[in-house]
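Observations on the three-dimensional arrangement
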Amino acid sequence: MAKITASVYTSHVPAIGAALDLGKTQEPYWQPVFKGYEFGKQWMKDNKPDVIFLVYNDHATAFSLDIIPTFAIGTAAEYQPADEGWGPRPVPKVIGHPSLASHIAQSVIQQDFDLTIVNKMDVDHGLTVPLSLMCGQPQAWPCPVIPFAVNVVQYPVPSGRRCYNLGKAIAKAVASYDEDINVHIWGTGGMSHQLQGPRAGLINKDFDNAFLDKLINDPEAAASIPHIDYVREAGSEGIELVMWLIARGAMADAAGGPAPKAVQRFYHVPASNTAVGHLILENN
């Protein structure tokens, strides 16, 4: 059967993608950010999965305010990098895994989670920046990717508890897939940041690091954080952290198994007015 062996968590700041694409990674401002991902890049080479299930949020490219799915799973064979207003990023197209994606959709919907099935869409920086951070700038991404988009842009957005429980359902779906493959699940977005209004530029290191502590050692507590705390403490865009809870809910201990091993933890501020967090957990 298929199994989830690890989860990866990372911010997906668009300016990080621009710094990569424009060759600015060694500039003094950006060098500490990319240094923090050197371990993750090597870890990816040493622990290459067969499939990545990547949780992210669309930024008005595949979806708009006309149609806002709470949870959307990509079941296509491939996805092109989106044009977000200044041309698509110069990165490889994303190869999907229609068979596993369709199986997960079937299983998760039967577990009473309503998913929107997407057979055609472009993928924006929310998905491609994490791939670049962990995989560098290859001619092709190292494995197929299943995009899983979550609405954290327009309220109402899903609760942390629902995202955590969805992760459990995804893990159950993967485990029931009749092929011996290794799956990584990634949660992306955040950490604390606010892009508009009187609090634009807000970063809360204490909240971010407390969230990382909970995510590693007490995910039930992390799943119980109410929306208002994200907004008050982490800024209007800090709500993106609920997507990390989907990946955390898919780890073995959420279903009564052993606690995962944290093999990497990194935190840095700022990166384009955003706090950058990165974590890798391995199932034991």
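Residues numbered from 1 in each chain as written. Predicted model: local features only at pLDDT ≥ 70, side-chain atom pairs only at ≥ 80, totals over all residues. Heavy atoms only, no water.

Tallying secondary structure elements over the chain gives 10 helices and 10 strands in all. In summary, the chain has a C-alpha radius of gyration of 17 Å against a globular reference of 19 Å for 284 residues, a match within 12%. Principal axes of the C-alpha set define a box for the chain whose edges measure 50 × 40 × 40 Å. In the chain, buried positions account for 55% of the 284 residues. A fraction of 80% describes how many contacts in the chain between residues 6 or more apart in sequence connect residues 24 or more apart. Of the roughly 11,800 Å² that the chain leaves accessible, carbon and sulfur atoms contribute 51%. (Helix = DSSP H or I, 4+ residues; strand = E, 2+ residues; numbered from the N terminus. Rg over C-alpha atoms; globule rule 2.2 N^0.38 Å. Buried < 20%, exposed > 50% of the residue type's maximum accessible area, 1.4 Å probe, protein only. Contact = heavy atoms within 4.5 Å. Areas by Shrake-Rupley, 256 points an atom, 1.4 Å probe, with all protein chains shown as cover.)

On to the nonpolar core. Core analysis: the largest hydrophobic core is formed by 58 residues, its most contacted members being F53, F148 and I246. Looking at this core, the element that brings in the most residues is helix α6 (residues 160-175), giving 7 residues. Not counting the four nearest positions on each side in its chain, I246 is found in contact with V55, F71, F148, V150, C163, L166, G167, I170 and I185. Counting residues in each nonpolar core, the second largest holds 39 residues, with Y79, V94, V118 and V129 among its members. (Core = buried A, V, L, I, M, F, W, Y, C linked by side-chain atoms within 4.5 Å.)

A separate point is the layout of surface pockets. Quantified by volume, the largest pocket comes out at close to 370 Å³. Along the wall of the largest pocket there are 20 residues; nearest its centre are H59, H193, L195, E237 and E240. Here the residues of the lining of the largest pocket sort into 8 nonpolar, 10 polar and 2 charged. (1 Å grid on protein atoms, 1.4 Å probe; cavity = no way out; pocket = protein on both sides within 12 Å on 5 of 7 lines; lining within 4 Å. Points joined across faces, edges and corners; volume = space filled by probe spheres on them. Nonpolar A, V, L, I, M, F, W, Y, C, P; charged D, E, K, R; others polar.)

Before going further, it helps to examine the pairing of strand β3 (residues 71-74). For a regular strand, the rule is simple: side chains alternate between the two faces of the sheet. What you see with β3 is no split at all: F71 and I73 on one side and A72 and G74 on the other are buried throughout. Bridge analysis of β3 against strand β7 (residues 145-150) gives 3 bridges, and the strand direction is antiparallel. Of the residues in β7, the one forming a bridge with A72 is A149. Across 3 bridges, β3 lies against strand β6 (residues 116-118) in parallel orientation. Among the inter-strand pairings, I73 is bridged to a residue of β6, identified as I117. (Pairing = 2+ DSSP bridges.)

Turning to the sheet that holds strand β10 (residues 276-282), a few remarks are in order. Read from one edge of the open sheet, 8 strands run β6-β3-β7-β2-β8-β1-β10-β9, paired in mixed fashion. Whereas interior strands pair on both sides, the edge strands pair on one side only; in this sheet they are β6 and β9 (261-268). Across the sheet, the mean angle from the axis of one strand to that of its neighbour is 15°, orientation sign disregarded. Where strand β2 (residues 51-56) meets strand β8 (residues 182-188), 5 bridges bridge the pair, whose relative direction is parallel. Within the sheet, the bridge partner assigned to V51 lies in β8 and is V183. Relative to β2, helix α5 (residues 125-135) is tilted by about 130°, and along the sheet it contacts β1 (3-10), β2, β7, β8 and β10. (Axes fitted to C-alpha atoms, helices over the stretch in contact; angles between N-to-C directions.)

Residues of helix α3 (residues 38-46) that are buried: G40, W43 and M44. One side of α3 holds all its buried residues, which, seen down the axis, span an arc of 100°. Along α3, exposed side chains directed more than 90 degrees from the buried face belong to K45 and D46. Buried residues in α3 make contact with β1, β2, α5, β8, β9 and β10. (Arc of directions from axis to C-beta.)

For the rest of this paragraph, the subject is the pattern of salt bridges. Under the defined criterion, the tally for this structure stands at 5 salt bridges. A salt bridge links D21 to R89; its shortest N-O distance comes to 2.8 Å. Placement of D21 in helix α1 (residues 14-21) and of R89 in the loop between β4 (78-79) and β5 (94-95) is noted, with a sequence separation of 68 residues between them. Under the relative-accessibility criterion, D21 is labelled partly exposed at 26%. The salt bridge partner of D213 is R265, with a shortest N-O separation of 2.7 Å. Highlighted residues: D213 in helix α7 (residues 205-217) and R265 in strand β9, separated in sequence by 52 residues. (Salt bridge = Lys/Arg side-chain N within 4 Å of Asp/Glu carboxyl O.)

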